[in-house]
Amino acid sequence: MPTAALREAPSDLAKSERARWIEAFRKVRRETERRAAPLSPEDQAIQSMPDASPIKWHRAHTTWFFETFLLAPNVPGYTVYDERFAFLFNSYYVAAGPRHARPKRGLITRPDAGEVGEYRAHVDTAVERLIGEASTDALPDILRILEIGVNHEEQHQELMLTDILHAFAQNPTQPAYDANWRPPRATAQAGYAELPEGIHTIGHEAEGYCFDNEGPSHRVLVGPVKIARALVTNGDWLAFMNDGGYANPMLWLSDGWAAVQNEGWQAPGHWQDCDGEWKQFTLGGLKPIDPAAPVTHVSYYEADAFAHWTGKHLPTEAEWEVAARAGHLSGAFGVVWQWTRSSYSPYPGFTACDGALGEYNGKFMINQMVLRGSSLATPDGHSRVTYRNFFYPGARWQFSGLRLADYAERFSLT
Ligand SMILES: [Fe+2]
């Protein structure tokens with residue numbers, strides 16, 4: 001039975017498709033501004049460490065992305081809003097020209113937050129006009145880039161929250177991003193799901209958008225393994241801490257132990273020792289530790305040491321995906337990203353596309369680890385079972401947690 005869209009005349013179909021994309025574009029642009037709205041211009045200018053970026057920078061960089069990759073190549077005679085912005089707001093696209101040093105983003109007071117708002121409005125108008133007026137022949141290529149830009153901005157929406165949390169954590173007055181903020185509770189499901197040995201297909205093969213690093217889909221051998229239905233909790237983590245987990249080098253990877261020493265880690269990120277009681281700095285300010293809540297702001301090194309302490313392991317990303325597709329995992333999405341023990345490598349047959357957008361994912365496929373799922377900061381609709389997030393193993397300013405895998409039975413099956 002034809003859908004409503006298919007019953008429309010071709011010209012109406014194109015019109016409704018354009019309207020749909022204009023609305024999708026507006027929605028993502030509105031959400032960025034909604035996330036920035038509680039923040040003053042001073043809040044928006046600060047950069048608390050090289051990995052984090054100022055909120056104002058996120059607002060401008062996502063705008064530069066549309067201007068550079070969508071408007072400039074597709075709007076005849078397009079004049080950029082300010083030719084200096086390409087240097088300030090290019091992140092890592094070497095093919096798109098020289099750029100400002102990442103650790104110095106917090107030193108840029110001009111343009112101010114208000115002017116970044118004007119820059120956004122200028123580009124919004126031009127993008128909407130392009131979608132509405134592009135020739136039918138040009139539209140598919142334009143929408144392909146637009147869709148990347150929308151998904152790119154959604155990724156930065158998550159970073160806005162992790163980066164302002166890290167910035168506010170440096171402030172002795174403990175400001176709250178949102179006084180009403182509450183941590184999400186994963187529905188607790190005890191025990192482990194069994195994955196018998198089998199060949200499975202992982203990677204993106206369905207309809208709908210994905211980033212290039214999610215394909216090609218391919219077959220993998222998984223199991224036998226048991227994978228925890230639940231996320232590791234703060235209560236679990238306190239037991240690890242109380243058992244001297246951060247003081248026992250036998251639990252740690254060599255690089256991880258060096259990080260513990262160099263960084264002075266004694267607890268997850270954003271935990272504070274308040275007169276002998278641990279508290280967690282959150283988007284809602286400083287809160288007591290909730291033992292039932294999933295642990296977050298742990299690095300790969302900490303996740304691996306915790307798994308070692310339990311006598312278990314982190315799952316591979318293939319194990320995670322197979323278990324998630326089967327519906328075995330609680331808290332898979334919308335709570336914390338989950339470290340896997342898979343290094344971030346190209347899937348068999350992966351090739352990055354030509355040009356600057358080929359730099360989006362492929363060039364980072366070294367020395368990082370894959371996280372699966374999504375977090376409380378991930379925008380609605382951005383999660384997928386095939387989504388591959390990736391960070392360096394020492395990173396812990398993201399909403400990163402873990403679940404365990406158990407191979408005990410693997411060794412009794414001989
Ligand atoms: Fe970006």
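A. How the structure looks around the overall build of the protein. Per the secondary structure count, the protein includes eleven helices and twelve strands. The C-alpha atoms of the protein give a radius of gyration of 23 Å, which matches the 22 Å a tight globule of 414 residues would have. By principal-axis analysis of the C-alpha atoms, the protein measures approximately 65 × 55 × 35 Å. As displayed, the protein offers around 19100 Å² of accessible surface, 53% of which is attributable to carbon and sulfur atoms. The averaged location of the 50 negative side-chain charges in the protein is 2 Å from the averaged location of its 38 positive side-chain charges.

B. Representation of the pattern of salt bridges. Tallied over the full model, the rule gives 18 salt bridges. Linking glutamate 31 and arginine 34 is a salt bridge whose minimum nitrogen-to-oxygen distance equals 2.8 Å. Taken as a pair, glutamate 31 and arginine 34 lie in helix H2 (residues 10-36) at a separation of three residues, close to a single helical turn. A salt bridge links glutamate 321 to arginine 325; its shortest N-O distance comes to 2.8 Å. Residue glutamate 321 and its partner arginine 325 are located together in helix H11 (residues 317-325), separated by four residues, close to a single helical turn. Under the relative-accessibility criterion, glutamate 321 is labelled buried at 0%. When its relative accessible area of 42% is taken as the criterion, arginine 325 is described as partly exposed. Taken together, the shared-partner salt bridges in this structure form one network comprising Arg29, Glu33, Arg59, Arg120, Asp124 and Glu153.

C. Highlighting the confidence of the model for the protein. The share of residues in the protein with pLDDT of 70 or more is 95%, and the mean pLDDT across the chain is 94. pLDDT under 50 marks residues 1-7. Its contacts with residues more than four places away, or in other chains, come to two contacts.

D. Summary view of the packing of aromatic side chains. Going through the model one piece at a time under the given rule, you end up with 31 aromatic pairs. Relative to phenylalanine 306, the ring of phenylalanine 240 has its centre 5.6 Å away and its plane inclined at 70°; by these criteria the two rings are edge-to-face. Of the two residues, phenylalanine 240 is situated in helix H8 (residues 234-242) and phenylalanine 306 in helix H10 (residues 300-310); the sequence distance between them amounts to 66 residues. Residue class for phenylalanine 240 comes out buried when judged on its relative accessible area of 0%. Of the residues examined, phenylalanine 306 reaches a relative accessible area of 3% and is grouped as buried. Directly above the aromatic system of tryptophan 57 lies the positively charged group of arginine 105, at a separation of 3.7 Å from the ring centroid. For arginine 388, the ring lying beneath its charged end belongs to tyrosine 347, and the centroid distance is 3.9 Å.

E. Here's a closer look at the side chain of aspartate 124. Inspection of the secondary structure assignment puts aspartate 124 in helix H6 (residues 113-133). Judged by its relative accessible area of 18%, aspartate 124 falls in the buried class. Excluding residues within four positions of it along the chain, aspartate 124 makes contact with Phe25 and Arg29.

F. Up close: unusual backbone geometry. Residues arginine 110 and proline 111 are joined by a peptide bond in cis, for which omega reads 0°. Along the chain, proline 111 falls in the loop between helix H5 (85-89) and H6. Omega for the peptide link from glycine 215 to proline 216 comes to -5°, which places this bond in the cis form. Tracing the backbone shows proline 216 in the loop between strand E2 (198-202) and strand E3 (218-222). Residues other than glycine seldom take positive phi values, yet aspartate 275 does so here, at roughly 50°.

G. Up close: the coordination of the iron ion. Around the iron ion, the donor atoms from the protein are His61 (NE2), His152 (NE2) and His156 (NE2), and they sit 2.1 to 2.2 Å away. Of note, the donors binding the iron ion are all from one chain and are spaced H-x90-H-x3-H. Of this pair, histidine 61 sits in helix H4 (residues 55-74) while histidine 152 sits in helix H7 (residues 139-169), placing them 91 residues apart in sequence. By relative accessible area, histidine 61 is classed as buried at 0%. With relative accessibility at 2%, the residue histidine 152 sits in the buried group.

H. Quick look at the packing of H4 against H7. At their nearest, the axes of H4 and H7 sit 9 Å apart, and the two run at 170° to each other. The pairing of H4 with H7 is recorded here as roughly antiparallel in orientation. Class assignment for the residues of the contact of H4 with H7 results in 14 nonpolar, seven polar and three charged.

I. View of H7. Over its 31 residues, H7 runs 45 Å from end to end, which matches the ideal 45 Å to within 8%, given 1.5 Å per residue. The element H7 is extensively covered by neighbouring structure, given that 24 of its 31 residues are classed as buried.

J. Examining the pairing of strand E6 (residues 277-282) more closely. Here strand E5 (residues 271-274) runs beside E6; their pairing, made up of four bridges, is antiparallel. Looking across to E6, one finds that tryptophan 271 is bridged to glutamine 280. Of the pairings in the sheet, the one linking E6 to strand E7 (residues 285-288) comprises four bridges and is antiparallel in character. Each residue of the ladder has a partner; that of phenylalanine 281, found in E7, is leucine 286. Counting the residues that bridge the hairpin from E6 to E7 gives two residues.

K. Broad picture of the nonpolar core. The biggest cluster of nonpolar side chains holds 73 residues, and the ones touching the most others in it are Val127, Leu146, Trp237 and Leu402. Element by element, the count of residues in this core is highest for H4, at eight residues. Excluding residues that lie within four positions of it along the chain, valine 127 makes contacts with Phe25, Phe66, Leu70, Leu71 and Leu146. Among the nonpolar cores identified, the runner-up in size contains 17 residues, and Val220, Ala318, Trp320 and Tyr407 belong to it.

Conventions used here
Within each chain, residues carry numbers counting from 1 in the order of the written sequence. Only residues with pLDDT of at least 70 are given local features in this predicted model, and only at 80 or more are side-chain atom pairs given and counted; all residues enter the totals for whole chains, interfaces and linings. Hydrogens and water are ignored here; the side-chain numbers use all heavy atoms of the structure. Helix numbering and strand numbering both begin at the N terminus, where a helix is a DSSP run of H or I of at least 4 residues and a strand a DSSP run of E of at least 2. Computation of the radius of gyration draws on C-alpha atoms, with the globule rule given as 2.2 Å multiplied by the number of residues to the power 0.38. Accessible areas in this description were obtained via Shrake-Rupley with a 1.4 Å probe; residue shielding takes into account the shown protein chains only. Counted as positive: Lys and Arg. Counted as negative: Asp and Glu, with His and the chain ends omitted from the count. The location of each charge is read from NZ of Lys, CZ of Arg, CG of Asp or CD of Glu. Think of a salt bridge as a Lys or Arg side-chain nitrogen and an Asp or Glu carboxyl oxygen that are within 4 Å of each other. Buried means the residue's accessible area, taken with a 1.4 Å probe over protein chains only, is under 20% of the maximum for its type, while exposed means over 50%, and partly exposed covers the values in between. Confidence of the prediction at every residue is given by pLDDT, a number between 0 and 100. By definition, residues are in contact when any of their heavy atoms lie within 4.5 Å. Working definition: rings of Phe, Tyr and Trp (its six-membered ring) pair if their centres are within 6.5 Å, and the pair is stacked with planes under 30 degrees apart, edge-to-face with planes over 60 apart, and tilted otherwise. Cation placement over rings: the criterion is NZ of Lys or CZ of Arg within 6 Å of the ring centroid and within 35° of the ring normal. For Na, K and Ca the donor cut-off is 3.2 Å, while for other metals it is 2.8 Å, and in both cases only N, O and S atoms qualify; water is not among them, so sites may look incomplete. An axis is simply a line fitted to the C-alpha atoms; with a helix, the fit covers only the stretch in contact. Between two such axes, the angle follows the N-to-C directions and lies from 0 to 180 degrees. Roughly parallel here means an angle under 35 degrees, roughly antiparallel means over 145, roughly perpendicular means 65 to 115, and every remaining angle is called oblique. Here the term charged refers only to Asp, Glu, Lys and Arg, the term nonpolar to Ala, Val, Leu, Ile, Met, Phe, Trp, Tyr, Cys and Pro, and the term polar to all other amino acids, Gly among them. By this rule the span expected of a helix is its residue count minus one, scaled by 1.5 Å. What makes two strands pair is DSSP finding at least two bridges between them. The set of buried Ala, Val, Leu, Ile, Met, Phe, Trp, Tyr and Cys residues whose side-chain atoms join them within 4.5 Å is what this entry labels a nonpolar core.

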